[in-house]
Amino acid sequence: MTTDDIIQTEEAVEIPTYSKFPMALAKGEGSTVWDTDGNKYLDFYGGHCVALLGHCPPRVVQAVQEQAEKLLFYSNVAHSPIRAEAAQKLVDLAPDGLGQVFFANSGSEANETALKLARTYTGRSAVVALEGAFHGRTVGALATTHNETYRAPYTDILPETRFVPWGDHEALKDALAPGDVAAVILEPIQSIAGMRMLPPVCAPGLRELCDAHGTLLIFDEVQTGVGRTGTFSISEHYGITPDLISLAKSLGAGVPVSAVLVSDAIAATVESGDQGSTFGGGMLAMAAVAACLDTLVEENLMDRATAIHAQLAEGLEGLVEEVRGKGCLIGLQLDRPVKPVLNALRDHGVLAGSSADPHVMRIMPPLTSTDDDVQRFIDTFKQVLAPAAA
Ligand SMILES: Cc1ncc(COP(=O)(O)O)c(C=O)c1O
């Protein structure tokens, strides 16, 4: 099949819900992907923030291959050595007090699980989310996603959510005041909204407010989690512990899997049948999780996330108005619209992403990126900006 054939076939037989890069990808290794015409790209997008360890990380590939030859899948009706190993490794890395896990398959499913657990635990039904939030597109998760583009056609079937402006403590107080709120759900860094970071000063107040109203705090760490921002959970950076944390994207280093980390208090009240997922905790996904976590820890990659951020921030000084985010979850505020810059970067062999803010570009480099990879991004970025600046 030629590249044109591939593109035409996908366009003919898949519903047109995605806007895709005008290329087809054939293979990847480390921070690099190759298209079907043999062109090479430095990938600082990571397929929506998934490639935590770069593409085809050898330990993950080997673990999945070995598991595939033993047992591809069995559901949670049976125990599994690889699930036990992955679950133990995950809770060992989780913040203290979040000692149990539920495995699912996508970020949306993890968030819906967290919301269900919060409702059951508190016996309340109201949910508070923040303006600009993106928590997924399945109905329960979509209810907490703020952007009208995603919500508008479905508002009649979405459970009601109280949205409060980002960083507005008074509005949050008002929303919790009736005492009927099961949970506040938020992304500690609103990535898709334009890499808006929760100001550290807001975090303790947020925890106290939730405690005062008997409301649970859910951190959607689908993007920030698994070491991407320099600590396993970004809650460690904020010095507060949420009651529930959802993880996805990076967790399987490219293999679809998600998880909810659950506080000991909530876990103690969960009963058989409260939640379930046929494929959640499947063997291939668990092999990927265990190998991903081993690689993250043994290669000190969380420190690397911080170093990569520092190198980028220094190299891009003066070229961008602001470097946002943390670790390898980065927003670049430009003085011009991002779209043409992204296209030019791609023409120069570099992949990066857009956001809901037309002036904010998102880059999510793998934690395994070398200094040379980072320098190449900086050099290409300079080159691409230069003609327009001249
Ligand atoms: C913060 C956040 N939460 C939830 C989701 C939904 O994840 P998924 O697409 O795996 O359902 C996403 C997806 O981009 C996300 O960025």
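Here the structure is shown first, and the text comes after it.
Criteria and cut-off values
- Residues numbered from 1 in each chain as written.
- Predicted model: local features only at pLDDT ≥ 70, side-chain atom pairs only at ≥ 80, totals over all residues.
- Heavy atoms only, no water.
- Axes fitted to C-alpha atoms, helices over the stretch in contact; angles between N-to-C directions.
- Helix = DSSP H or I, 4+ residues; strand = E, 2+ residues; numbered from the N terminus.
- Parallel < 35°, antiparallel > 145°, perpendicular 65-115°, else oblique.
- Left-handed = near helix turned anticlockwise from the far one by under 90°.
- Contact = heavy atoms within 4.5 Å.
- Nonpolar A, V, L, I, M, F, W, Y, C, P; charged D, E, K, R; others polar.
- Core = buried A, V, L, I, M, F, W, Y, C linked by side-chain atoms within 4.5 Å.
- Buried < 20%, exposed > 50% of the residue type's maximum accessible area, 1.4 Å probe, protein only.
- Domains from an automatic or database assignment.
- Phe/Tyr/Trp six-rings, centres within 6.5 Å; stacked < 30°, edge-to-face > 60°.
- Lys NZ or Arg CZ within 6 Å of the ring centre and 35° of its normal.

Draft legend 1. Focus on the packing of helix α3 (residues 58-70) against helix α12 (residues 283-298). Following both chains from N to C, one finds α3 and α12 inclined at 150 degrees, their axes separated by 8 Å at the closest point. Taken together, the axes of α3 and α12 lie roughly antiparallel to each other. As for the relative orientation of α3 and α12, their crossing is right-handed in sense. Residues R59, V60, A63, V64, Q67 and A68 of α3 pack against M283, L284, A287, A288, A291, C292, D294, T295 and E298 of α12. Of the residues assigned to the contact of α3 with α12, the class counts are 10 nonpolar, 2 polar and 3 charged.

Draft legend 2. Highlighting the nonpolar core. L332, M361, F377 and F381 are the most contacted members of the largest nonpolar core, which totals 93 residues. Residue contributions to this core peak at 11 residues, all from α12. Looking at which domains feed residues into this core, each of domain 1 (3-57 + 300-389) and domain 2 (58-298) supplies at least three. The contacts of L332, once residues within four sequence positions are left out, are L316, V320, E322, V323, H359, V360, M361, I363, F377 and F381. Counting residues in hydrophobic clusters, the runner-up holds 17 residues, among them A110, L117, A118 and V260.

Draft legend 3. Region of the structure containing the packing of aromatic side chains. Overall, the coordinates contain 5 aromatic pairs when judged by the stated rule. Taken together, a centroid distance of 5.0 Å and an interplanar angle of 55 degrees make the contact between F73 and F279 tilted. Separated by 206 residues along the polypeptide, F73 in the loop between α3 and α4 (81-93) and F279 in the loop between α11 (264-267) and α12 bring together distant segments of the chain. Considering the side-chain rings of F134 and Y150, the 5.1 Å spacing of their centres and the 80 degrees angle between planes classify their relative orientation as edge-to-face. Of this pair, F134 sits in the loop between β5 (126-130) and α6 (139-142) while Y150 sits in helix α7 (residues 148-151); the two residues are 16 residues apart in sequence, bridging distant segments of the chain. Three or more aromatic residues joined by ring pairs form one cluster here, namely F44, F377 and F381. Over the face of the ring belonging to W34 we find K27, whose NZ or CZ atom lies 4.7 Å from the ring centre.

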